[in-house]
Every structure is written in structure tokens, then in C-alpha cells.
Amino acid sequence: NFRFGPSTVPLLSSSGLPNAIEDLLQAGQTLKLTPMADELASFKGWRGTIDRPEIKSLLEEQLAARLVMTNLRKEPFEKNLRTMVSSAKSVKEETGSNGLFLALGVLAWTPSGKEVEVTSPLILVPVNLVPKNRGKEFDLEIDESSAVTPNFSLVEKLKTEEGIELDGLVDLAADEFGIDVDGTFEYVRTEIKKRDLKGFRVDETAVLGFFNFSSYG
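My aim in this report is to walk through the structure given alongside it, one point at a time.

The next point concerns the packing of aromatic side chains. Applying the stated rule across the entire model yields 2 aromatic pairs. When the ring of Phe77 is compared with that of Phe138, the centres are 5.7 Å apart and the planes differ by 80°; the resulting orientation is edge-to-face. Here the residue Phe77 occupies a position in helix H3 (residues 74-95), and Phe138 occupies one in strand S6 (residues 137-142), the gap between them amounting to 61 residues. Taken individually, Phe77 and Phe138 each receive the classification buried, so the pair is uniform in this respect. Geometrically, the ring pair formed by Trp109 and Phe200 is stacked, given 5.9 Å between the ring centres and 10° between the ring planes. In this pair, Trp109 is assigned in strand S4 (residues 100-109) and Phe200 in the loop between helix H6 (181-194) and strand S8 (201-210), connecting sequence segments 91 residues apart. Pair check on accessibility: Trp109 and Phe200 agree, each one buried.

Our focus in this paragraph is the nonpolar core. Soluble globular proteins tend to bury their nonpolar side chains together. In this structure, Leu102, Leu107, Ile123 and Leu208 are the most contacted members of the largest nonpolar core, which totals 54 residues. Among the elements that line this core, the one with the most residues is strand S5 (residues 118-132), at 6 residues. The residues contacting Leu102, other than those within four sequence positions of it, are Leu11, Ile21, Leu25, Ile123, Leu124, Val125, Val127, Leu140, Ala206, Val207 and Leu208.

Analysis parameters
- For every chain, the first residue of its written sequence is number 1, and the numbers climb from 1 along that sequence.
- Given that this is a predicted model, residues contribute local features only at a pLDDT of at least 70 and side-chain atom pairs are listed and counted only at 80 or more, while totals for whole chains, interfaces and linings are drawn from all residues.
- The side-chain values count all of the structure's non-hydrogen atoms but skip hydrogen atoms and water molecules.
- Aromatic contacts are taken between Phe, Tyr and Trp rings whose centres are within 6.5 Å, Trp giving its six-membered ring; a plane angle under 30 degrees counts as stacked, one over 60 as edge-to-face, and the others as tilted.
- Counting from the N terminus, the helices are DSSP H or I runs at least four residues long and the strands are E runs at least two residues long.
- When accessible area is computed with a 1.4 Å probe and restricted to protein chains, residues below 20% of their type maximum are described as buried, those above 50% as exposed, and intermediate ones as partly exposed.
- Grouping buried Ala, Val, Leu, Ile, Met, Phe, Trp, Tyr and Cys residues that are joined through side-chain atoms within 4.5 Å yields what is termed a nonpolar core.
- Residue contacts are defined here by distance: any two heavy atoms, one from each residue, within 4.5 Å place the two residues in contact.

That's the geometry; what it means functionally is another story.
Following this line, the structure appears as C-alpha cells:
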């Protein structure tokens, strides 16, 4: 089960945005992270998909300018991202590999016999967080030394515990720039609908964090 916490930084997201973000990163574009705009204060701490048309338009306009808004106000934005840069450096020094990912999309469901909803990332994009202007600004770039990967732990968990096979999540479909994120979300939704699974849904989220593959089923 994936939990939002101080070691994660959710980005404000709307339908189609995770796919667009992944395309830009795969094309070698650098995206600048920004604090939450004052006019969006009501979305402080928001972790889902924003469907309001005017906000969706704002987020798309920002992305066209290579800006991606987090759900953090200015002070926690700088503090949390500085900590994330430091943690990423430590993980790389200790393990020799990058542990920082941009998780695109989550599957949310209530396991059989349980009452509490769990969430698990669908696609993990390896990224680097680059501090600028003395740790007041932060750029996001794809980590070309690692590959975009599905959440294999989730696939195995669903197969074992729910009897659901998601082969299309194991072998991710490609698009012009990299992974077909929209197509993957639609595939999972179709499989859920095909099996008439109640309480399962795909949220089009984008979250920066450290992900242990064995723990996020």
C-alpha cells in the first residue's frame, strides 16, 4: 500500500496530464517544479485528480511553459524538496542506483475482506531532482540511466489475492515518445470493467517519491 507522507511530493494533476508529463520527460525536456499558486489554496494537500475545467486548463498552460505545480505552498515546497534532493543523494551513495521516481497513476481499491481502501502506483518513471538558485528552485529531469517500469509488485499482488491478471501492465505499450500512459490507464480501467470489479478505480495522479518495488503492491 502506498501512503502519501512527508517523503512524497504530489503534483497537481488532471486527466491527460501524467501522459503529457511523461512524454516531455522522455523527449529530454526539463520541467520546473513550482509551489502551489495562491488562487488554488483550497487544493492544499490535494492528492487526486482535479477535474475542474478552469484548473485543468491552467495546469495544461503551465505544462506548455514547462512548469509543473506541486500541492505545496512556498515554504514547505522549498523545505520538502531540499530534503528530497538530500535523500536522493544518500540513496544513490548507499545503493549505487537512483531511488527517486515520478509515480504516474494509482490503482485504488478495497481488498477482499477489508474495509480500508489501499492505493498502489501503476507506472514508475526514474527522475533526477536538480536544485537551482540555492535550493529555492527545482528542476525535474528523466534519469536516463534507468528505465520506466510498471509496478510489478502490484501485478503479482492482484494476481495472487484478487485473481486479476494485468499482462498489459507488465508489458507497457509505447507511444511516440515513451510509454503510452493514457493507454495504460485505459487498459487497467477496461480490465476492471470487464470483470465487474466494484470499488476499483484508476486515479490519474503524479507523485514524486522513493519507491521500494517490493513494498508497493
